[in-house]
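Residues per chain are reported as follows:
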Amino acid sequence: MFRDLKASLFQIIYRSMITAGLILTLFILPFSDKAFANYATLLIYHKFDEYRTPSTSIPVEDFERQMRYLKENNYNVISLDKLLWHIENKKPFPEKTVVITIDDGYKSTMKAFQVLKKYNFPFTVFLYMEGVGRYPDYLTKEQLDQLKKYPKVTFGNHSYAHLRFGRLLKKMSKKEFKKFVIEDTEKAEKRFKKLIGYKPVYYAFPYGEYNKIYIEILKKRGYKALFTQDPANVSENISPYLIHRQPIVGNWGDLKHFIRALNTEALDVEYHYPDIGFIDQNPLPYIKAKLKHPEKYKNCEIYVSELGWSWAKEKDGFLVWEDLPELKRDKNRIGVKCTNKETGKKAAYFWLILN
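Residues numbered from 1 in each chain as written. Predicted model: local features only at pLDDT ≥ 70, side-chain atom pairs only at ≥ 80, totals over all residues. Heavy atoms only, no water.

Colleague: Even after reading the chapter, I still don't get the overall build of the protein, so can you show me in this structure?
Modeller: Within the protein one finds nine helices and 20 strands. By the burial criterion, 50% of the 355 residues in the protein qualify as buried. Of the roughly 17,900 Å² of accessible surface on the protein, 54% is carried by carbon and sulfur atoms. (Helix = DSSP H or I, 4+ residues; strand = E, 2+ residues; numbered from the N terminus. Buried < 20%, exposed > 50% of the residue type's maximum accessible area, 1.4 Å probe, protein only. Areas by Shrake-Rupley, 256 points an atom, 1.4 Å probe, with all protein chains shown as cover.)

In structure tokens form, the structure reads like this:
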């Protein structure tokens, strides 16, 4: 009898604990979105169902799965205009903010369009202006006209010739380079206006490559925002002329990577060395970065494309990587990644250097 009573008491206590746990869970779950700091994720796509070029394409079924994930998990999908309003006015983004962009303007964009229209999502297409309306793999004028009828589409410039403009400065004088970029941009804008009907104010760097002179030329031409392929998310503190985007292509095109990209916070970096563009010495004496809110983070690492990740040292208020070997590649991306002490999430910032 005593054993039965003991067993009954154990069951009552156990059930109470389970119930309390469920109640606690119910209270916690509605607030779980607080783990999403105020940042926006800009997604880049290129091609859909293009099996000849798997490194820049994803299956439409995967794209549909990703868009459904955004819808079912209450993501705030916004236009570039709204994104820029937050940046210009330094207004934090609502939680779970996402922007969808598609580069180049391949014909397979129309497959993605059917999915985007189904979910009523705004999106932007950055157009390779020599190709669209002209070359077989790219959107025709009729397809562009179809897209233009959708009230939530924005178009941006992706250059006329779609070259690796950032690196061309190695082969030209500054004067020649400026002339070349200006002429290419003028040609792109002229054709853009003919096909789309207005002058573009958004520009995505071909291959995600840029340098300081290139950026200054585009700023002077009146572009409101410039977009990279540096794989990080953005806060309202990001420069409008170096807005990060997360590539969702090839091996980075599955749902697992997609969710990881959404869950990586923006890391505000106030200063970094080396600066963007061409490095002034090789090997670099060090890489250093100063965080805007260093007290919020722990376990920081620094990344170089050809070297991988290394734990960062803390030195005089900077995160530092010293004693680097000579860099061999023409292009490297440098990244800083830390863990947010409060949310437990990774936060990252990237930039491009040229050798």
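Having seen the structure, we can now continue with the description.
Colleague: Sorry if this is basic, but what is going on with helix α7 (residues 174–196) here?
Modeller: Residues lying three or four places apart along an α-helix face the same way, a consequence of the helix completing one turn every 3.6 residues. End to end, α7 covers 32 Å across 23 residues, agreeing with the expected 33 Å (1.5 Å per residue, within 8%). Among the residues making up α7, those that are buried are Phe-177, Val-181, Asp-184, Thr-185, Ala-188, Glu-189, Arg-191, Phe-192, Leu-195 and Ile-196. In this structure, the buried residues of α7 make contact with β6 (123–127), α5 (141–148), β7 (153–157), α6 (165–168) and α8 (212–220). Just beyond α7, the residue with positive phi is Gly-197, at close to 105°. (Expected span 1.5 Å × (residues − 1). Contact = heavy atoms within 4.5 Å.)

Colleague: What exactly am I supposed to notice about the sheet that holds strand β18 (residues 318–322) here?
Modeller: As a general point, the strands of a sheet are linked pairwise by backbone hydrogen bonds and lie either parallel or antiparallel. The four strands lie next to each other as β12-β14-β18-β17, forming an open sheet whose pairing is antiparallel. Looking at strand neighbours, the two that pair on one side only are β12 (269–273) and β17 (313–315), the edges of this open sheet. Going across the sheet, the axis of each strand differs from the next one's by a mean of 25°, ignoring polarity. With three bridges connecting them, β17 and β18 associate as antiparallel partners. Residue pairing across strands places Lys-313 opposite Val-320, the latter belonging to β18. (Pairing = 2+ DSSP bridges. Axes fitted to C-alpha atoms, helices over the stretch in contact; angles between N-to-C directions.)

Colleague: Explain the side chain of Thr-339 here, please?
Modeller: Positionally, Thr-339 belongs in strand β19 (residues 331–340). The class of Thr-339 is buried, set by a relative accessible area of 7%. Apart from the residues lying within four places of it in its own chain, the contact partners of Thr-339 are Lys-296, Tyr-297, Lys-298, Asn-299, Gly-344, Lys-345 and Lys-346.

Colleague: When you look at the pattern of salt bridges in this model, what are you seeing that I'm missing?
Modeller: Side-chain pairs of opposite charge can arise whenever the charged atoms involved come near each other. A complete count under the given rule lists 22 salt bridges for this structure. Residues Asp-145 and Lys-141 are paired through a salt bridge, measuring 3.4 Å at the closest nitrogen-oxygen approach. On the criterion of helical spacing, the pair formed by Asp-145 and Lys-141 is a turn pair, its members being four residues apart in helix α5. When its relative accessible area of 26% is taken as the criterion, Asp-145 is described as partly exposed. Overall, Lys-141 belongs to the partly exposed group, its relative accessible area being 40%. Between Arg-221 and Glu-189 there is a salt bridge; the shortest N-O distance is 2.7 Å. Of this pair, Arg-221 sits in the loop between α8 and β9 (225–227) while Glu-189 sits in helix α7, and the two are 32 residues apart along the sequence. We classify Glu-189 as buried; its relative accessible area is 8%. (Salt bridge = Lys/Arg side-chain N within 4 Å of Asp/Glu carboxyl O.)

Colleague: Would you mind going over the confidence of the model for the protein with me for this structure?
Modeller: In this model, the protein carries a mean pLDDT of 91, and residues with pLDDT of at least 70 account for 90%. Low pLDDT, under 50, characterises residues 1–34; the stretch is placed with four contacts to residues that sit more than four places away or in other chains. (pLDDT = per-residue confidence, 0-100.)

Colleague: Looking at this structure, how should I read the packing of aromatic side chains?
Modeller: Within a pair of aromatic rings, the relevant descriptors are the distance that separates the centres and the angle that separates the planes. One pass over the structure, following the stated rule, counts 27 aromatic pairs. Between the aromatic rings of Tyr-203 and Tyr-214, the centroid separation amounts to 6.0 Å while the plane-to-plane angle is 90°, which identifies the pairing as edge-to-face. Taken as a pair, Tyr-203 in strand β8 (residues 202–204) and Tyr-214 in helix α8 lie far apart in primary sequence, 11 residues in all. Classification of Tyr-203 as buried rests on a relative accessible area of 0%. Accessibility expressed as a relative area gives 0% for Tyr-214, which makes it buried. Aromatic rings pair up to connect Phe-165, Phe-180, Tyr-203, Phe-205, Tyr-210, Tyr-214 and Tyr-223 into one cluster. Arg-164 extends its terminal NZ or CZ atom over the ring of Tyr-207, reaching a point 4.0 Å from the ring centre. (Phe/Tyr/Trp six-rings, centres within 6.5 Å; stacked < 30°, edge-to-face > 60°. Lys NZ or Arg CZ within 6 Å of the ring centre and 35° of its normal.)

Colleague: Quick question: what am I supposed to make of helix α9 (residues 255–262) here?
Modeller: Among all positions in α9, only His-257, Phe-258, Ala-261 and Leu-262 are buried. The buried residues of α9 all sit within an arc of 140° when viewed along its axis, so they share a single face. Each element contacted by the buried residues of α9 is listed here: β1 (40–45), α2 (60–72), β5 (97–104) and β10 (246–247). (Arc of directions from axis to C-beta.)

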